[in-house]
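# Summary of the model geometry
In case you want the letters, here they are:
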Amino acid sequence: QVQLVESGGGLVQAGGSLRLSCAASGLTFRLYAMGWFRQAPGKEREFVAAISQSGGITYCADSVKGRFTISRENGKNTVYLQMNSLKPEDTAVYSCAASTVQSRDVWQYDYWGQGTQVTVSS
């Protein structure tokens, strides 16, 4: 049974930082590209960042470019999202997901975590 478990969310002031983690089990982690997505109340789920199986290729949404960094440790079956210079508009539930292809598209991802809440106060 595949499980993706996010942690590291919380309440932070604007300009602050958080580091999200996503621990994977039940799958051969090194064979999956990983992505982070977020969903704010009343809005569609949106792409945040993705990383290739080896970690050599990363890309992120324009809205977070220069502030967020995705990384992974295959030896620990874990993917991270370092979030700096947080803004109130970054407030959302952040979820990690696994796919056999690196993609910005929600529908390409096979497995999803439950999500962790990130709230940025102004």
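Note: the structure precedes this text.
Residues numbered from 1 in each chain as written. Predicted model: local features only at pLDDT ≥ 70, side-chain atom pairs only at ≥ 80, totals over all residues. Heavy atoms only, no water.

## Details of the pairing of strand β8 (residues 78-83)
Counting buried positions over the six residues of β8 gives five, a clear majority of the element. Of the pairings in the sheet, the one linking strand β7 (residues 68-73) to β8 comprises six bridges and is antiparallel in character. Within β8, the residue paired with Ser71 across the bridge is Tyr80. Counting the residues that bridge the hairpin from β7 to β8 gives four residues, and of these Asn77 lies at a positive phi of roughly 50°. (Buried < 20%, exposed > 50% of the residue type's maximum accessible area, 1.4 Å probe, protein only. Helix = DSSP H or I, 4+ residues; strand = E, 2+ residues; numbered from the N terminus. Pairing = 2+ DSSP bridges.)

## Notes on the sheet that holds strand β3 (residues 18-25)
Taken together, the four strands give an open sheet; going across it, the order is β1-β3-β8-β7, and neighbouring strands pair in antiparallel fashion. The two strands at the open ends of the sheet, each matched to only one other strand, are β1 (3-7) and β7. When the angles between neighbouring strand axes are averaged without regard to direction, this sheet yields 15°. (Axes fitted to C-alpha atoms, helices over the stretch in contact; angles between N-to-C directions.)

## Things to note about the pattern of salt bridges
Per the stated rule, a full pass over the model turns up five salt bridges. In this structure, Arg38 engages Asp90 in a salt bridge whose closest nitrogen and oxygen atoms are separated by 2.9 Å. Pair noted here: Arg38 is in strand β4 (residues 33-39) and Asp90 is in the loop between β8 and β9 (92-99), with a separation of 52 residues, a long-range link. With respect to burial, Arg38 and Asp90 carry one shared label: buried. Two residues, Arg67 and Asp90, come together in a salt bridge whose shortest N-O distance is 2.7 Å. Of this pair, Arg67 sits in the loop between β6 (58-60) and β7 while Asp90 sits in the loop between β8 and β9; the two residues are 23 residues apart in sequence, bridging distant segments of the chain. Using a relative accessible area of 1% as the deciding quantity, one classes Asp90 as buried. Here the residues in one salt-bridge network are Arg38, Glu46, Arg67 and Asp90, joined through shared partners. (Salt bridge = Lys/Arg side-chain N within 4 Å of Asp/Glu carboxyl O.)

## Things to note about the nonpolar core
In this structure, Met34, Trp36, Val79, Leu81, Met83 and Tyr94 are the most contacted members of the largest nonpolar core, which totals 35 residues. For this core, the secondary-structure elements that each account for two or more residues are β3, β4, β5 (46-51), β7, β8, β9 and β11 (116-121). Discounting chain neighbours no more than four positions away, the residues touching Tyr94 are Glu6, Leu20, Trp36, Phe37, Arg38, Val48, Phe68, Leu81, Met83, Gly115, Thr116 and Val118. (Core = buried A, V, L, I, M, F, W, Y, C linked by side-chain atoms within 4.5 Å. Contact = heavy atoms within 4.5 Å.)

## Side note on the state of the cysteines
What the rule picks out here adds up to one disulfide. Shown here is the disulfide that connects Cys22 with Cys96, its sulfur atoms set 2.0 Å apart. Here the disulfide of Cys22 and Cys96 is right-handed, its torsion about the S-S bond being about 55°. You can see Cys22 sitting in strand β3 and its partner Cys96 sitting in strand β9, a full 74 residues away along the chain. For Cys22, a relative accessible area of 0% puts it in the buried group. Accessibility expressed as a relative area gives 0% for Cys96, which makes it buried. (Disulfide = S-S within 2.5 Å.)

Remember that the coordinates give geometry; whether it matters functionally is a separate question.
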